[in-house]
Amino acid sequence: MCRHLGYLGPPLTLASLIYDGEHSLERQSYAPRMTQGNLLNADGFGVGWYSGGETRRFRRAQPIWTDVSFREIAEVVPAGCAVAAIRSATSGFPVDESCAQPFRAGTRLFSHNGKVEGFAGVEGKLRELAGDLAEVPDARAPVDSALIFAIAARTWRAGVPIEDGLAEAARALGALAAGRYNLLAADGTALAATVWGDSLFVRTTADTIRIASEPLTEEAGWEPVPDRSLVTADLESGVRIDPL
């Protein structure tokens, strides 16, 4: 169910981040190795990055391999912090650009890899947890991920770090309904992620951090993150993994 990645480091082109590697995010759209219950991630894609102090995004409701224009653009757009995602739509939710991630709340980017089991039965409770959606337009997208995003964004509005918002959302969802709650966020200088029911890997070098649902290359150094974990990462402190 979907794949995503986060990057921190010296600016690289979006094309390098998304298309490079034997198991690139683009390849995972048609040949994923670790997804559960689906063969394709072809129901949309998106990438968010930071440029000139602004948070930028590109999202589409089509398979990433079909968008040759995006690939040309991606070859000339640099990013030192980015979140990218490809989507496999859960039955009952539309294939629509509004559902493609990452979602955005101010300078924060968010992606959800997974699903809420029995969503119809808990939707009302999720909306109570999410609170007012007026300030977060992406939280109104017609997909379960949007309400998970809204819960995280509510905590962010209170001034908490991105990792605390993800942890609160994952714990709240886990207490309410079965599901897979692998969440990923960025704020321009840091990444955070939760592992809850699906795969996640981290790879670091002297000046880069990558977080991805699956290893993007055959290189050594891709470390699996244990289930029910919270990942916090920045270039000054490195990567920290705590139990959820």
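Residues numbered from 1 in each chain as written. Predicted model: local features only at pLDDT ≥ 70, side-chain atom pairs only at ≥ 80, totals over all residues. Heavy atoms only, no water.

Novice: Is there a simple way to explain the environment of Asn38 in this structure?
Specialist: Residue position: Asn38 is located in the loop between helix H2 (25–28) and strand E2 (45–51). We classify Asn38 as buried; its relative accessible area is 13%. For the pair Asn38 and Cys2, spaced 36 residues apart in sequence, the C-alpha to C-alpha distance is 8.9 Å. (Helix = DSSP H or I, 4+ residues; strand = E, 2+ residues; numbered from the N terminus. Buried < 20%, exposed > 50% of the residue type's maximum accessible area, 1.4 Å probe, protein only.)

Novice: Just checking my understanding: could you explain the sheet that holds strand E5 (residues 103–105) for this structure?
Specialist: The strands that make up a sheet are held in pairs by hydrogen bonds between backbone atoms, and each pair lies either parallel or antiparallel. In spatial order, the strands read E5-E6-E7-E8-E12-E13; together these six strands make up an open sheet with antiparallel pairing. The open sheet has two edge strands with one neighbour each: E5 and strand E13 (238–243). Across the sheet, the axes of successive neighbouring strands diverge by a mean angle of 20°, strand direction being ignored. Pairing between strand E8 (residues 190–195) and strand E12 (residues 229–234): six bridges, direction antiparallel. Opposite Ala193, over in E12, you have Val231 as the bridge partner. (Pairing = 2+ DSSP bridges. Axes fitted to C-alpha atoms, helices over the stretch in contact; angles between N-to-C directions.)

Novice: Can you help me understand unusual backbone geometry in this one?
Specialist: The phi angle of most residues is negative, glycine excepted, and most peptide bonds adopt the trans form. The linkage connecting Gln101 with the following residue, Pro102, adopts the cis geometry, with an omega of 20°. By the element assignment, Pro102 lies in the loop between strand E4 (78–86) and E5. Positive phi values are uncommon outside glycine, yet Arg228 reaches one of about 60°. As for its position among the elements, Arg228 is in the loop between strand E11 (223–224) and E12.

Novice: What exactly am I supposed to notice about the sheet that holds strand E1 (residues 3–13) here?
Specialist: An order of E3-E2-E4-E1-E10-E9-E11 is seen for the seven strands of this open sheet, with the pairing classed as antiparallel. Each having just a single partner strand, strand E3 (54–60) and E11 make up the two edges of the open sheet. Note that E1 and strand E10 (residues 209–212) share four bridges and pair antiparallel. By the bridge assignment, Tyr7 is partnered in E10 with Arg210.

Novice: I tried to follow the pattern of salt bridges on my own but got confused; where do I start?
Specialist: As a working rule, side chains carrying opposite charge can pair if their charged atoms are close by. All chains considered together, the criterion is met by 12 salt bridges. Across the pair Arg59 and Asp138 runs a salt bridge whose closest N-O atoms are separated by 3.9 Å. Here the residue Arg59 occupies a position in strand E3, and Asp138 occupies one in the loop between helix H4 (119–130) and helix H5 (144–157), the gap between them amounting to 79 residues. You can call Arg59 buried: its relative accessible area is 12%. For Asp138, a relative accessible area of 11% gives the class buried. Notably, a salt bridge pairs Asp198 with Arg180, separated by 3.8 Å at the nearest N-O pair. Here Asp198, found in the loop between E8 and strand E9 (201–204), pairs with Arg180, found in strand E7 (residues 179–186); they are 18 residues apart in sequence, far enough to count as distant. Of the residues examined, Asp198 reaches a relative accessible area of 7% and is grouped as buried. (Salt bridge = Lys/Arg side-chain N within 4 Å of Asp/Glu carboxyl O.)

Keep in mind these values describe shape, not function.
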